[in-house]
Every structure is written in structure tokens, then in C-alpha cells.
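Survey of secondary and tertiary structure
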Amino acid sequence: MDETPILVEKREGFRVITLNRPARLNAFTEDMHVALKAALDDIEADSGCRALLITGAGRGFCAGQDLNDRLAKPTEKIVLGGTLEHFYNPLIRRLRALPFPVVAAVNGVAAGAGANVALACDIVLAGKSATFVQAFAKIGLVPDSGGTWILPRLVGHARARALSLLAEPLPAEKAEAWGLIWKAVGDNELMAEAIKLCTQFASGPTYGYALIKRALDASEQNDLSTQLDLERDLQREAGMSPDYAEGVRAFMEKRAPNFTGKKGS
Ligand code: LHQ
């Protein structure tokens, strides 16, 4: 077992999780999944945590499933479907549903499930030397961890198919140009940019952010009319939050708002 497959750093208003198996490009093992779940439990229980930053140690972000780990061995008890069911699918669902922004700082190669964990985050920043690889087809697998759902939505069917079938690395700047990620930045600026974003989120209208995430996720299934109804309902909730009152007051008084992130009564 790795001693610390992930590192968790508590910052003012947010946490930084670093995937920490650099010799294996931070590939996922069962131990890493278990540690990540425990960290997310802790983060969710902390009402003072208003953003999350995920990055990787060393030269990679994450090379997906560790192909030496028992989770990847079809002959053992946990077959691949079970690995997804028990570990990856709950992780992806959870990242999407966290009630505050999640930022991925992709510091190097993001392959297989590692790429799709990054793409499940709300904002993906990548260092210019980073690449995104849907590596699955190279070993006869199907893009998982939400890849087949998110890729066509982000880059369209033609690019989603080519990325999935060819399994070629997509450089960060091209990923930005294609709309796969938010921004490619200089490798040396990556962490500072990501921390700046999380610092901004940590003093933002957190409850409003959670409602924005809900609205955008629901829009993937809804028709316009249903989505308009949902926007009405969510806006009603947002309008009752203390941050809305504070935001309007601050605007009128020409000062920066002092958001609490709270839901309101
Ligand atoms: C690795 C890995 C790795 C172990 C690099 N495992 N050691 C879900 C359900 C259940 C099972 C199956 O999987 C899934 C989801 C998935 O994620 S499937 C996709 C799994 N990932 C891959 O197939 C990617 C495999 N890795 C690569 O293709 C390359 O390593 C990439 C393109 C990521 C990076 O290439 P390089 O920069 O040239 O680095 P490298 O290949 O030299 O890797 C460095 C070391 O890390 C090396 O070890 P070594 O002892 O030779 O230094 C690799 O063996 C090791 N490593 N990925 N997934």
C-alpha cells in the first residue's frame, strides 16, 4: 500500500487534493480510491469548504487505472464493471454534485479515467505541456468515468469519436481551442492560476454556485420549457439567499460584496 496515495491541504476556504503516486503518473489504485473517498467525506462535512482543487504530483496528472492493481485484473473477483460501479462511477457522480466549484489543475498527462476525472470537474486548467488521452481503446476498453457522456457534449461527435477510437494525446492548447477545457496556461503559472480561482470561489456566493451547477447539469436532459421552469425555481431559491441581498447592496454602494456562501432561510 502507498503510504499517502493522496495529499490533502487545507487552505482558507478550500482544499487541495494532490494525487500522489508520481512514479506511476498517479494512476488509480484501490487504496487511492479509498483515500479519495475519505477526503471527500471530510470535505463535504466541512461547511467552511467552498471550493476544491485537484492536481497531480510530479510530471503527470493521472494515468487512469493502475493496470497492475487488482481493480484492473479481469481474472480476479472484482471484474471491471464492478470496479466502475464501486469506485469510478461514485467518484464522478460526487465530483459533479459537490455543492461548490471543483477546479482541476492538469499538470501533465491525463490518460484514461484520469482524463475523465479531470473533465468531470467544473473548471479545467492545464499546463501547456499537459496532454489528454482517451487511452482506453489502446487496451481494448471503452472510455469510462463519464467519457462517452462528456466528450460529445464538450467537443461534438466527430472529435469525440476520433479521440476515443484513435486514443491519441490531445495537447492542452488544442484542448482549449476545441472547448474540451477552460484554459491552457504556462506550466509555471498553473498552480498559481488554480489557487487564484479557488481563492475567488472561496469568497463567492457558494449557494448560488451550487444552483448554477444544478441548472447546467439538468439542462443536459431538459427541453427548453422544462429548463425555464427549473431556472424559475432555482432563481426563487437564489433570490432568498443572503448573498443575493448582499450582492445587490454592494452593487448599489459601489463596494466589493462580502458573501457568506449560505443558503438563507
Ligand atoms: C502506469 C500507468 C498505468 C500502471 C503509466 N498503470 N502504471 C477502469 C476500470 C477498470 C480497469 C481498467 O481501467 C479503467 C479505467 C482506465 O483508466 S483504463 C486506462 C488505463 N490507463 C492507460 O491505459 C494509460 C497507460 N499509460 C500510458 O499510456 C502512458 O504511460 C501515458 C500516455 C499515460 C504516459 O506516457 P509516458 O509519458 O511515456 O510515461 P510512461 O509510459 O513511461 O509511464 C511512466 C511510468 O508510469 C512507467 O513505469 P516505469 O516503471 O516504466 O517507469 C509506466 O509503466 C507507469 N504507468 N501509466 N495506467
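One can find the structure itself at the top, above this paragraph.
So, here is what we can say about the structure in this document. In this text the structure is predicted, and so the values were computed from the model without any measurement.

We now examine unusual backbone geometry. Positioned with a positive phi, serine 145 is a non-glycine residue whose angle comes to about 55°. By the element assignment, serine 145 lies in the loop between strand 8 (131-133) and helix 4 (147-155). A positive phi is found at alanine 167, a non-glycine position, where the angle reads about 55°. Tracing the sequence through the fold places alanine 167 in the loop between helix 5 (157-166) and strand 9 (170-171). Given the relative accessible area of 1%, alanine 167 is considered buried.

Next up on the list: the site of the ligand. In the vicinity of the ligand there are 26 residues, among which Arg59, Ala63, Gln65, Leu67 and Ala113 approach most closely. In the environment of the ligand, an oxygen atom lies 3.2 Å from a nitrogen or oxygen atom belonging to the side chain of arginine 24. Leucine 67 has a polar backbone atom sitting 2.9 Å from a nitrogen atom of the ligand. Notes on the ligand: free accessible area 1000 Å², of which the protein chains cover 66%. Every element with two or more residues in the shell around the ligand is listed here: helix 2 (80-97) and strand 6 (109-111). Ranked by the residues each element gives to the shell around the ligand, the list is headed by helix 2, at four residues. Looking at the shell around the ligand, its residues break down into 17 nonpolar, five polar and four charged.

Scoring rules and cut-offs
- Residues numbered from 1 in each chain as written.
- Predicted model: local features only at pLDDT ≥ 70, side-chain atom pairs only at ≥ 80, totals over all residues.
- Heavy atoms only, no water.
- Helix = DSSP H or I, 4+ residues; strand = E, 2+ residues; numbered from the N terminus.
- Buried < 20%, exposed > 50% of the residue type's maximum accessible area, 1.4 Å probe, protein only.
- Near = heavy atom within 4 Å.
- Polar contact = N/O pair within 3.5 Å; in protein donor to acceptor, adjacent residues only side chain to side chain.
- Areas by Shrake-Rupley, 256 points an atom, 1.4 Å probe, with all protein chains shown as cover.
- Nonpolar A, V, L, I, M, F, W, Y, C, P; charged D, E, K, R; others polar.

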